[in-house]
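Fold and contact review
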Amino acid sequence: MSQSGDSSTALVAIRGVHKFFGSFEALRGVDLDIASGEKVALLGASGSGKSTLCRCINRLETIASGSIRIEGTELPQEGKALARLRADVGMVFQSFNLFPNYTALQNIMLAPVHVRHQAKADAKQEALQLLDRVGLADKAESYPGELSGGQQQRVAIARSLAMHPKVMLFDEPTSALDPEMINEVLDVMAELAQAGMTMLVVTHEMGFARHVCDRVCFMDAGQILEQNTPDEFFAHPRTDRAKDFLSKILTH
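Structural notes, computed from the coordinates. Counting of residues starts from 1 at the beginning of each chain's written sequence and follows it residue by residue. Owing to the predicted nature of the model, reporting of local features is limited to residues with pLDDT of at least 70; listing and counting of side-chain atom pairs is limited to 80 or more, with chain, interface and lining totals taken over all residues. The basis for every side-chain value is the complete set of heavy atoms in the structure, and neither hydrogens nor water enter the calculation.

**Observations regarding helix α6 (residues 179-194)**
Between its terminal C-alpha atoms α6 stretches 23 Å, which fits the 22 Å expected from 16 residues at 1.5 Å a residue. Per-residue accessibility, obtained with a 1.4 Å probe over protein chains only, is compared with the maximum for each type, and a residue is labelled buried under 20%, exposed over 50%, and partly exposed between these values. Only runs of H or I of at least four residues qualify as helices and only runs of E of at least two qualify as strands under DSSP, and these elements are numbered from the N terminus. Along α6, the positions that sit buried rather than exposed are Met181, Ile182, Val185, Leu186, Val188, Met189, Leu192 and Ala193. An end-on view of α6 places all buried positions within 155 degrees of arc, on one side of the element. For α6, the exposed residues set more than 90 degrees away from the buried face come down to Glu180, Asp187 and Gln194. In this analysis, two residues are considered to be in contact whenever any of their non-hydrogen atoms come within 4.5 Å of each other. Lining the buried residues of α6 we find β3 (39-43), α4 (120-133), α5 (149-161), β7 (167-171), β8 (198-202) and α7 (206-211). One or two residues past the end of α6 sits Gly196, with phi positive at roughly 100 degrees. By this rule, a helix spans an expected 1.5 Å times one less than how many residues it contains. In this description, one arc is meant: the one made by directions from the helix axis to the C-beta atoms.

Below, the structure is given as structure tokens:
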């Protein structure tokens, strides 16, 4: 799908988004469509605006101008309407953001019960199924402090899935993990992709971007400079900034 294609068919439609931190312009007129079921990797150097864009999509950051629509509905500014729409947008962070005094099971049940008003028995049954899906069926009663980083991140993914999101945002989900734990999280993400989840993934894991994603968007200085299929982007980057970025990360 083109960078600014027909937004009526896009699950996520971003138009002309600007974002400032003080006088610093973090996003400079970003346009991006994500189709239902599409897996998009957001690549670029640190400070290029990837995480900021991710956080704007569910209004963890407010935008200065432009529009962000989920299934044609513009993101509300605040209140219950925002909470409802945000429930449709799952987010997995770099730090796992689990409640330390709740078990893995309780962490997953919390939002379905309190936000979606799901019956506790139903929420528990689904949470157990999700723990099984992410390979942690035996960790339901464990607290985050008793889990490895990779296990905590898989619980965080299960927690997002419990809300039945229409799109999942992953903001560098493996960057805080030890190397041996990265694959266990990427494997769960690859399984989600295969199952048809719409995903926007900010990542430094080039193998994942290349083999799992449908499209790569390369950001620099708050703009999407180029986007293409993974094969084309990695083999034939079009801009000097992308060539420079790839030469630095693919030679080590």
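After presenting the structure, the write-up continues.
**What about the pairing of β3?**
For β3, the buried fraction is high: 5 of the 5 residues fall into the buried class. The alternating pattern of β3 places Lys39, Ala41 and Leu43 and Val40 and Leu42 on opposite faces, both of which are buried. Note on pairing: DSSP must find at least two bridges between two strands before they are called paired. Pairing analysis gives 4 bridges linking β3 to β8, with the strands arranged parallel. Of the residues in β8, the one forming a bridge with Ala41 is Val201. As paired strands, β3 and strand β9 (residues 215-220) are joined by 4 bridges and run parallel to one another. Within the sheet, the bridge partner assigned to Leu42 lies in β9 and is Cys217.

**Here we look at the sheet that holds β3**
Strand order in the open sheet formed by 6 strands is β6-β7-β8-β3-β9-β10, with mixed pairing between adjacent strands. With one partner strand each, in any of the chains shown, β6 (89-92) and β10 (223-228) form the two edges of the open sheet. When the angles between neighbouring strand axes are averaged without regard to direction, this sheet yields 20 degrees. When β7 meets β8, the two strands line up parallel, connected through 5 bridges. If you follow Met168 over to β8, its bridge partner there is Met199. Axis lines are fitted to C-alpha atoms, over the contacting stretch for helices. Their N-to-C directions set the angle, which ranges from 0 to 180 degrees.

**A look at unusual backbone geometry**
Of note, Glu71 is a non-glycine position whose phi angle comes to about 50 degrees, a positive value. Examined against the element boundaries, Glu71 turns out to sit in the loop between β4 (65-70) and β5 (73-74). Judged by its relative accessible area of 47%, Glu71 falls in the partly exposed class.

**Details of the nonpolar core**
Side chains of nonpolar character tend, in soluble globular proteins, to be buried together. The criterion is simple. A nonpolar core is a set of buried Ala, Val, Leu, Ile, Met, Phe, Trp, Tyr and Cys residues joined through side-chain atoms within 4.5 Å. Of all hydrophobic cores here, the largest spans 49 residues; its most connected members are Leu43, Ile157, Met168, Phe170, Met189 and Met199. The leading source of residues in this core is α6, at 8 residues. Ignoring any residue separated from it by four or fewer positions in sequence, one finds Met168 in contact with Gly90, Val92, Ile157, Ser160, Leu161, Leu192, Met197, Thr198, Met199 and Leu200. Among the nonpolar cores identified, the runner-up in size contains 29 residues, and Val40, Ile68, Phe93 and Ile224 belong to it.

**Concerning the pairing of strand β2 (residues 24-35)**
The pairing of strand β1 (residues 10-21) with β2 spans 9 bridges and is classified as antiparallel. When the sheet's bridge partners are listed, Phe21 is paired in β2 with Phe24. Hairpin connection of β1 to β2: 2 residues between the antiparallel strands, including Gly22 at a positive phi of 65 degrees.

**Some details on the packing of aromatic side chains**
Pairing of aromatic side chains here covers Phe, Tyr and the six-membered ring of Trp, requires ring centres within 6.5 Å, and sorts the geometry by plane angle: under 30 degrees stacked, over 60 edge-to-face, intermediate tilted. Summed over all chains, the structure comprises 4 aromatic pairs. Centre to centre, the rings of Phe99 and Tyr102 are 5.8 Å apart; their planes meet at 45 degrees, and the pair counts as tilted. Owing to a relative accessible area of 42%, Phe99 belongs among the partly exposed residues under this scheme. Tyr102 sits in the partly exposed class, given a relative accessible area of 30%. Here a set of aromatic residues connected by ring pairs shows up, and it is made of Phe218, Phe233, Phe234 and Phe245. Sitting over the face of the ring of Phe21, Lys19 holds its NZ or CZ atom 4.8 Å from the ring centroid. Only lysine NZ and arginine CZ atoms are considered, and such an atom sits over a ring when it is within 6 Å of the ring centre and within 35 degrees of the ring normal.

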